[in-house]
Amino acid sequence: MARIVHVDMDAFFAAVEQHDRPELRGKPVIVGGSAASRGVVSTASYEARRFGVRSAMAAREAQRLCPQGVFLPVRGSRYAEVSRQMMAILRDEVASVEPISVDEAYLDPGGGDAVAVAARVKSRIREETGLTASIGVAPNKFLAKLASDLGKPDGFVVINPEDVDRVLLPLPVRMLPGIGPKSAGDLAALGIHTVAELRSADRGLLGLHLGRRAGELLRLAHGEDDRPLEIERETKSLAAETTFSVDVGDRDVLRGQLHSFAAELAGRMAAAGLKARTITVKARFRDFQTVSRSQTMPRPVSEAVELAEVADDLLSRIERRDLMRLIGLQVSGFGEGPRAEQLRFDFAQGMGEVQGGR
Ligand code: TTP
Ligand code: MG
């Protein structure tokens, strides 16, 4: 039975911009870079993707590929607002929701009809946010996410158990989670390009090249994934990071990327009702040296602008000026969340009464 639903908004930041400014609909919209060719692309509308523009690409490159593109700054608090609206619809429809990013979640309708739930969610998102989501319905998380990817944009793809082989076998191995360009290259060197080829590959050979990941990969190649939804999971930290397609040394560009992460993380924290005490910037240099700088705040923070400010400061504390291949932002220390804050507030009010206001 297809029983897990995966929801993923289409070109999320760009779609919000096109919704709020109708004159941008149908146009190539690029969020996160600037026309002055600084910064890194957060996302691009599907119109811009036709020119080859992608998330995490240098804005300069996006500008070259799509000179007519409309470049817009990241409006984190607005995306967080739409994210909250979308997650509220999901929680209204099903009890088991696992948000996995600002615009993505898994649903488990339990005994309910997963396809009917998915259809309702899709139309409510359309009506109540004015945006499109792609939906996948499948026997497990891996296949549900794959299904929503396969239908993008505005997709609705159901993979039933009897469809699994037909869908999976022809796919390139890089569609499997955990297979990046490096692993895909390693597998290609073994003559393995598709899931079908992976399935029939020699086990010993795979083990030799992939180590203990081989077993996991083979399970995915058979469409097997028994991970449950993590509903009650206590979130310890949230992170966003990117590996640049071309190494970056320009501090303005790095700051721009961190600001986009700040917006994304603020959205994810809002969706999960979290506030963070600790903020960390991680950087990996061209030679793979990895450094991080952390700051613990006197009070929990959740707003994109606050995160961005701290991130700027942390970045400036990384002295080495060489080209970076990766930059990331992490938030943690959620213990002091909204509930703890509320308790303290109530307590302080009570004290105020007793002491007659100080
Ligand atoms: P995604 O869901 O990965 O991308 P998307 O919604 O823009 O496009 P689609 O799902 O249709 O392929 O990410 C959600 C948002 O997160 C995206 O709109 C912007 C932000 N983001 C970044 O800021 N940097 C990134 O590298 C990525 C991948 C996303
Ligand atoms: Mg999306």
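Attention in this report is confined to the structure presented alongside it.

1. Details of the coordination of the magnesium ion (ligand 2)
Note on the magnesium ion (ligand 2): its protein donors are D8 (OD), M9 (O) and D103 (OD). The metal-donor distances range over 2.1 to 2.3 Å. The site at the magnesium ion (ligand 2) holds six donor atoms, and with the angles between them running 85 to 177 degrees, its shape is octahedral. Linear spacing of the donor residues for the magnesium ion (ligand 2) on their chain is D-M-x93-D. With D8 in strand β1 (residues 4-9) and D103 in the loop between β5 (96-101) and β6 (104-108), the pair connects residues that are 95 residues apart, well separated along the chain. There is no split in this pair, since D8 and D103 are both buried.

2. Some details on the sheet that holds strand β8 (residues 156-158)
Spatially, five strands are ordered β5-β6-β1-β7-β8 in an open sheet, and the strand pairing comes out mixed. Bordering the open sheet on either side are β5 and β8, each of which pairs with just one other strand. Taken pair by pair, the neighbouring strands of this sheet meet at an average axis angle of 15 degrees, ignoring direction. With four bridges connecting them, β1 and β6 associate as antiparallel partners. When the sheet's bridge partners are listed, V5 is paired in β6 with L107. Packing against the sheet, helix α5 (residues 114-129) makes contact with β1, β6, β7 (133-138) and β8, and its axis sits at approximately 175 degrees to β7. Relative to the sheet, helix α6 (residues 141-151) contacts β1, β5, β6, β7 and β8, its axis offset from that of β7 by approximately 140 degrees.

3. Comments concerning the layout of surface pockets
In this approach a probe as big as a water molecule rolls over the atoms, and the regions it shows empty are the leftover space. Looking at the second largest pocket, its volume works out to about 320 Å³. As for the second largest pocket, its lining consists of 17 residues, of which D10, A15, Q18, E47 and T132 are closest to the centre. Of all the elements in the fold, those that place two or more residues in the lining of the second largest pocket are α1 (12-20) and α2 (46-49). By residue class, the composition of the lining of the second largest pocket is six nonpolar, six polar and five charged. Shared between two domains, the lining of the second largest pocket holds at least three residues of each, these being domain 1 (4-10 + 76-162) and domain 2 (14-72).

4. A word on the site of ligand 1
In the neighbourhood of ligand 1, 14 residues make up the surrounding shell, with A11, T43, Y46, R49 and D103 lying closest. Between F12 and ligand 1, the recorded distance is 2.9 Å, taken from a backbone N or O atom to an oxygen atom. Measuring from an oxygen atom of ligand 1, one finds a side-chain N or O atom of K152 at 3.0 Å. In isolation ligand 1 exposes 560 Å². Once the protein is present, 80% of that is buried. If you list the elements that add at least two residues to the shell around ligand 1, you get β1, α1, β3 (39-44) and α2.

5. Quick word on the pattern of salt bridges
Evaluated as defined, the whole model comprises 28 salt bridges. Note that K152 is salt-bridged to D8, the shortest N-O span being 3.9 Å. Of this pair, K152 sits in the loop between α6 and β8 while D8 is found in strand β1, placing the two residues 144 residues apart along the sequence. What makes K152 partly exposed here is its relative accessible area of 23%. With a shortest N-O distance of 3.9 Å, R286 and D247 are connected by a salt bridge. Residue R286 is located in the loop between β10 (276-285) and β11 (290-301), and its partner D247 is located in strand β9 (residues 237-248); the two are separated by 39 residues in the primary sequence.

6. A look at unusual backbone geometry
Residue P153 is bonded to the preceding K152 through a cis peptide linkage, with omega at -10 degrees. In this fold, P153 is placed in the loop between α6 and β8. Here the phi dihedral of A11 falls at roughly 40 degrees; this positive angle occurs in a residue that is not glycine. Locating A11 in the fold gives a position in the loop between β1 and α1. Judged by relative accessible area, which is 8%, A11 ranks as buried. The phi dihedral of D154 is positive, around 55 degrees, even though this residue is not glycine. Checked against the element boundaries, D154 lands in the loop between α6 and β8. We classify D154 as partly exposed; its relative accessible area is 44%.

What counts, and at which threshold
Residues numbered from 1 in each chain as written. Chains lettered and ligands numbered in written order. Predicted model: local features only at pLDDT ≥ 70, side-chain atom pairs only at ≥ 80, totals over all residues. Heavy atoms only, no water. Donors = N, O, S within 2.8 Å, 3.2 Å for Na, K, Ca; no water. Tetrahedral: all angles 85-135°; square planar, octahedral: opposite > 155°, others 65-115°. Helix = DSSP H or I, 4+ residues; strand = E, 2+ residues; numbered from the N terminus. Buried < 20%, exposed > 50% of the residue type's maximum accessible area, 1.4 Å probe, protein only. Pairing = 2+ DSSP bridges. Axes fitted to C-alpha atoms, helices over the stretch in contact; angles between N-to-C directions. Contact = heavy atoms within 4.5 Å. 1 Å grid on protein atoms, 1.4 Å probe; cavity = no way out; pocket = protein on both sides within 12 Å on 5 of 7 lines; lining within 4 Å. Points joined across faces, edges and corners; volume = space filled by probe spheres on them. Nonpolar A, V, L, I, M, F, W, Y, C, P; charged D, E, K, R; others polar. Domains from an automatic or database assignment. Near = heavy atom within 4 Å. Polar contact = N/O pair within 3.5 Å; in protein donor to acceptor, adjacent residues only side chain to side chain. Areas by Shrake-Rupley, 256 points an atom, 1.4 Å probe, with all protein chains shown as cover. Salt bridge = Lys/Arg side-chain N within 4 Å of Asp/Glu carboxyl O.

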